[in-house]
Every structure is written in C-alpha cells, then in structure tokens.
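# Structural features, examined
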Amino acid sequence: QKEVEQDPGPLSVPEGAIVSLNCTYSNSAFQYFMWYRQYSRKGPELLMYTYSSGNKEDGRFTAQVDKSSKYISLFIRDSQPSDSATYLCAMSAQGAQKLVFGQGTRLTINP
Amino acid sequence: GAGVSQSPSNKVTEKGKDVELRCDPISGHTALYWYRQRLGQGLEFLIYFQGNSAPDKSGLPSDRFSAERTGESVSTLTIQRTQQEDSAVYLCASSPRAGTDTQYFGPGTRLTVL
C-alpha cells in the first residue's frame, strides 16, 4: 500500500464548475500538507500549504485537512481553463527532509 | 529572480551509457532535492542535500545512481549504465533550508533511454 493515494483521473469538468481533488494517506506522522500544480512539461509549483488539520483559503482555492480521517482535499471554485493541469498532493512529517507525493490528478477544464 | 534551472531539458541516450544531469538551485538555498517522475506517476524522492551535511541517499533506486553537490551550489545526478526503466523526468528542487520550507522546482530533465 502506498503511503499516499490519489485518484489519477483524468477529471474533466466544464468551466465554472467546482472541482474537488482528494488524497488519503496512511502515515499518522504527517503534519504538513501541500498541493502542487504542474502544467505539462513544467516543474510542480506550490499552490497551497497547510499545517495540521483545518481549512485554508486562497482566492478560488480551498485546502482542507482532516487528520482524523487521514484525508485531504483541494477545492477549486469557478474553475477556469487555465486551471487545467495535474494536481499533486504532498505531505511530510515533523522534521522530515523529504516530501511524499501522491500520483497526481490530471484535470481538464472545458470552455 | 532566477528560479531553479536544470540542464539538459531533454536527453536521449542508449542503454548502457552513462548520463549526467545538472541542477542550479536558487541562490542562497541550502537544501537541494532530486526527484524522479515516471510517466503518469507522482514524484519519487531520490536524494537530498543540506549544506555541508552528509546527503540523504535513501531514495536512490540502485548503486548506478549517484549525486554530488559542491557546497550550496550546483548539483549533478549521474546515472551509470542506463536502463530503459530509468526513462523518466528528473526534477530538482531547492528550499531555503531543509524540513518544511517550500520546495521550488526546476522544469526537469526528460531522460529517454533507448
């Protein structure tokens, strides 16, 4: 079993839809949770960063962490074609030096 | 300012050849990471450097893989006797310090082993 599971998709939705992306994990030591966005043939770029449980909002993006369920989510409101990319969840434990990534979900927003 | 740069952007090689991939981190960043991303997969940690400390090599898949970093500057990842399963995008990231700081990624080197 992988430490981090993420549905690879692909996921295709119409412009303006609300998108929900999710990851589950097995390591209860994870405390730092991130979402990266990766455009085709580019390196990942950090989108959201959350510590421990709770919600964090940044514009159209909301990250949620439920440590009791070992489940994290990224919501995109009013989705735009420019949001079309692969979204990777990543997490790490306190004091850990490396990130553990999910497989990535390929998202397409159709105009 | 300048981000993380990697070279070459693409590399095609024959099975059994050695390859060397280069990463230039963001100036002042003490931590540097190498990851491998196979087609349609997430990122797989390979190795991490923090300042002058001994590197964490726990993610290197075999002894054909090695990496070096001089101080807090350039790093090279070397793959000896390449195999077809080594085909992937190799990504480098740097951060101001190790641990939970944001990692800034380069564009990657796409390696194809024929």
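Right above here is the structure, for reference.
Let's shift gears to the packing of aromatic side chains. On inspection of all chains with the given rule, the structure shows 12 aromatic pairs over all chains. On the numbers, 6.2 Å between centres and 80° between planes, the contact of Phe101(A) with Phe105(B) is edge-to-face. Taken together, the residues span two chains, with Phe101(A) in strand 10 (residues 100-101) and Phe105(B) in strand 9 (residues 104-105). Across this residue pair, the class does not change: Phe101(A) and Phe105(B) are buried. Taking 5.6 Å as the distance between ring centres and 45° as the angle between the ring planes, the aromatic pair formed by Tyr35(B) and Phe105(B) counts as tilted. Highlighted residues: Tyr35(B) in strand 4 (residues 31-37) and Phe105(B) in strand 9, separated in sequence by 70 residues. Under the relative-accessibility criterion, Phe105(B) is labelled buried at 11%. Of the aromatic side chains, those joined through ring pairs into one cluster are Tyr36(A), Phe101(A), Tyr33(B), Tyr35(B), Phe45(B), Tyr48(B) and Phe105(B).

Here the focus is the interface of chain B and chain A. Bring the parts together and some accessible area is lost; that lost area is often taken as the interface size. Counting from both sides, the interface comprises 21 residues of chain B and, opposite them, 19 residues of chain A. Where chain B abuts chain A, roughly 1600 Å² becomes buried across the two surfaces, and 51% of that area is made up of carbon and sulfur atoms. Where chain B packs against chain A, one counts zero salt bridges. At the surface where chain B touches chain A, the tally comes to three residue pairs in polar contact (both at pLDDT 80 or more). Among the elements of the structure, strand 4 and strand 5 (43-50) of chain B are those that each provide at least two residues to the side of chain B that touches chain A. Partitioned by chemical class, the residues of the side of chain B that touches chain A number nine nonpolar, 11 polar and one charged.

Scoring rules and cut-offs
Residues numbered from 1 in each chain as written. Chains lettered and ligands numbered in written order. Predicted model: local features only at pLDDT ≥ 70, side-chain atom pairs only at ≥ 80, totals over all residues. Heavy atoms only, no water. Phe/Tyr/Trp six-rings, centres within 6.5 Å; stacked < 30°, edge-to-face > 60°. Helix = DSSP H or I, 4+ residues; strand = E, 2+ residues; numbered from the N terminus. Buried < 20%, exposed > 50% of the residue type's maximum accessible area, 1.4 Å probe, protein only. Contact = heavy atoms within 4.5 Å. Buried area = accessible area lost by both parts, 1.4 Å probe. Salt bridge = Lys/Arg side-chain N within 4 Å of Asp/Glu carboxyl O. Polar contact = N/O pair within 3.5 Å; in protein donor to acceptor, adjacent residues only side chain to side chain. Nonpolar A, V, L, I, M, F, W, Y, C, P; charged D, E, K, R; others polar.

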